[in-house]
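# Remarks on the overall topology
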Amino acid sequence: MFGELIHELTGPVIPQVIPGVHAVHAVDAAGVHPLLLAIGSERYTPYETLRQPQELLTQANALLGQGQLSLAKYLWIAARDDDPHLSIHDIPAFLQHVLQRVDWRRDLHFQTRTTIDTWIIPAAG
């Protein structure tokens, strides 16, 4: 419940901090930090004949470098231009939207050796 409150308070601020990001949602059912959904815009490529993620990757990296968002394990980001009515709060529709458009060879990126949210349990003794 605390995570949900934090997301409700901070969610509207992120689009003001990261240019091109319209919305971000930390899915509480995934355990507060693990799963982020975001919507951004490809603002600098209006005349490209082949649409592919470019600025969205910059926005994704900015999101994953932003405070507590850096603890996320997964980020799914969609282009608002593909569906201006897409909502980050309608999780099944958002995932369906992304999965219908994803090209795994182009769109899957791994960030390794980064900060992660880890629990350290000391040994009894």
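See above for the structure.
The notes below deal with the structure included here. (Residues numbered from 1 in each chain as written. Predicted model: local features only at pLDDT ≥ 70, side-chain atom pairs only at ≥ 80, totals over all residues. Heavy atoms only, no water.)

### Quick word on the pairing of strand 1 (residues 21-26)
- Most of strand 1 is tucked away, with five of its six residues classed as buried.
- In the sheet, strand 1 pairs with strand 2 (residues 35-40) via five bridges, with the strands oriented antiparallel. When the sheet's bridge partners are listed, Val-21 is paired in strand 2 with Gly-40. (Buried < 20%, exposed > 50% of the residue type's maximum accessible area, 1.4 Å probe, protein only. Helix = DSSP H or I, 4+ residues; strand = E, 2+ residues; numbered from the N terminus. Pairing = 2+ DSSP bridges.)

### A look at the side chain of Glu-42
- As for its position among the elements, Glu-42 is in the loop between strand 2 and helix 3 (55-64).
- A residue is classified by how much of its surface remains accessible, and Glu-42, at 10% relative accessible area, is buried.
- A polar atom in the side chain of Glu-42 sits 2.8 Å from the backbone nitrogen of Glu-55.
- One polar contact links the side chain of Glu-42 to the main-chain amide nitrogen of Leu-56, over a distance of 3.1 Å.
- Leave out the neighbours within four places in its chain, and Glu-42 touches Gln-52, Pro-53, Gln-54, Glu-55, Leu-56 and Asp-81. (Polar contact = N/O pair within 3.5 Å; in protein donor to acceptor, adjacent residues only side chain to side chain. Contact = heavy atoms within 4.5 Å.)

### Description of a nonpolar patch on the surface
- On the surface, Leu-99, Trp-104, Leu-108 and Phe-110 cluster together to form a nonpolar patch covering roughly 480 Å² of accessible area.
- Mapped onto the secondary structure, Phe-110 falls in the segment after helix 5 (104-107). (Patch = residues over 30% accessible without salt bridge, like charges linked within 9 Å, V, L, I, M, F, W, Y side chains within 5 Å. Areas by Shrake-Rupley, 256 points an atom, 1.4 Å probe, with all protein chains shown as cover. Salt bridge = Lys/Arg side-chain N within 4 Å of Asp/Glu carboxyl O.)

### Brief notes about the pattern of salt bridges
- Inspection of the entire model under this criterion finds three salt bridges.
- Residues Arg-101 and Asp-82 are paired through a salt bridge, measuring 3.9 Å at the closest nitrogen-oxygen approach. Of this pair, Arg-101 sits in helix 4 (residues 91-101) while Asp-82 sits in the loop between strand 3 (74-79) and helix 4; the two residues are 19 residues apart in sequence, bridging distant segments of the chain.
- A residue is classified by how much of its surface remains accessible, and Asp-82, at 32% relative accessible area, is partly exposed.
- Across the pair Asp-107 and Arg-106 runs a salt bridge, and its minimum N-O distance is 2.6 Å.
- Residue Asp-107 is classed as partly exposed on the basis of its relative accessible area of 23%.
- Arg-106 sits in the partly exposed class, given a relative accessible area of 32%.

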